[in-house]
Amino acid sequence: PMSKAPTELLQLYRRDQILSAARDVIRKNGFAHSSVDQIAKQAGVSRSTVYEYFASKSEILNGCLAVNRESLAEELAIRVGGAETLETQLAGFLEVCLSRVDQDREFFLAIAFPLPLDPATASAGPGGAAFGAVIQDFNAALDQILVSGEARGELPAAVGAAERNSLGTLIVG
């Protein structure tokens, strides 16, 4: 594989630096009371540098959620992928989900309440679409667990997509 050019590495570093600062600021102040100026100060960069990477505060929040989504998908694949029974897959899924919230409880509390929650995938509020994508990822991972449990005979074959979706919504909720 080709290595990244120094300018690309610097851009990735700056982007991560801004997102990390944004998480800290949002965690402390809540999304509504956080500003791009506060995020820039926390990151040790200028306001204009932040705007080179992100067009708005909402886009910064989307970036924070996207980073979380990628690492969550990796963690779920590792934890659930190696499990061989429905019970161990569900246990791994729940442990990953709950530990994620525990690891960054303040951030999730700071963003969760201003977001539209009905339906969960609504995109009207800041970060709504990105948050909805995280919920869809959870449901897709859980659906795959249930489908594989059904294929192994651990669930009745009568469990259809609608029932799996309902069960997924209950578990994720």
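Only a predicted model underlies this, so the values are computations on that prediction, with no experimental measurement involved. (Residues numbered from 1 in each chain as written. Predicted model: local features only at pLDDT ≥ 70, side-chain atom pairs only at ≥ 80, totals over all residues. Heavy atoms only, no water.)

Asker: Would you mind going over the overall build of the chain with me for this structure?
Answerer: The helix and strand tally for the chain stands at 8 helices and 0 strands. Counting the 173 residues in the chain, one finds 36% classified as buried. Sequence separation of at least 24 residues holds for 61% of the intrachain contacts in the chain that already meet a minimum separation of 6. In the structure as shown, the chain presents an accessible area of about 10,000 Å², 58% of it carried by carbon and sulfur atoms. (Helix = DSSP H or I, 4+ residues; strand = E, 2+ residues; numbered from the N terminus. Buried < 20%, exposed > 50% of the residue type's maximum accessible area, 1.4 Å probe, protein only. Contact = heavy atoms within 4.5 Å. Areas by Shrake-Rupley, 256 points an atom, 1.4 Å probe, with all protein chains shown as cover.)

Asker: Whenever I open this one, the packing of aromatic side chains confuses me. Can you help?
Answerer: Where two aromatic rings form a pair, the distance of their centres and the angle of their planes describe that pair. Counting across every chain of the model gives 0 aromatic pairs. It is R23 that lies over the ring of F107; its NZ or CZ is 4.0 Å from the centre. The aromatic ring of F31 is capped on one face by K57, whose charged end is 4.5 Å from the ring centroid. (Phe/Tyr/Trp six-rings, centres within 6.5 Å; stacked < 30°, edge-to-face > 60°. Lys NZ or Arg CZ within 6 Å of the ring centre and 35° of its normal.)

Asker: Is there a simple way to explain helix 2 (residues 36–43) in this structure?
Answerer: For helix 2, the set of buried residues is V36, I39, A40 and A43. Relative to the axis of helix 2, the buried residues are bounded by an arc of 100 degrees and lie together on one face. Looking one or two residues beyond helix 2, the residue adopting positive phi is G44, at roughly 75 degrees. (Arc of directions from axis to C-beta.)

Asker: Mind showing me how you'd approach the environment of A22 here?
Answerer: Within the fold, A22 resides in helix 1 (residues 6–29). With a relative accessible area of 0%, A22 lands in the buried category. Placed 39 residues apart in sequence, A22 and L61 show a C-alpha to C-alpha distance of 7.7 Å. Ignoring sequence-local partners within four residues, the contact set of A22 consists of I39, I60 and C64.

Asker: Sorry if this is basic, but what is going on with the pattern of salt bridges here?
Answerer: Where charged atoms from two side chains of opposite charge come close, those side chains can pair. Scanning the entire structure with this criterion turns up 6 salt bridges. Close ionic contact of R47 with D37 constitutes a salt bridge, the shortest N to O distance being 2.9 Å. Of the two residues, R47 is situated in helix 3 (residues 47–53) and D37 in helix 2; the sequence distance between them amounts to 10 residues. The salt bridge involving E95 is made with R79; its shortest N-O contact spans 2.7 Å. (Salt bridge = Lys/Arg side-chain N within 4 Å of Asp/Glu carboxyl O.)

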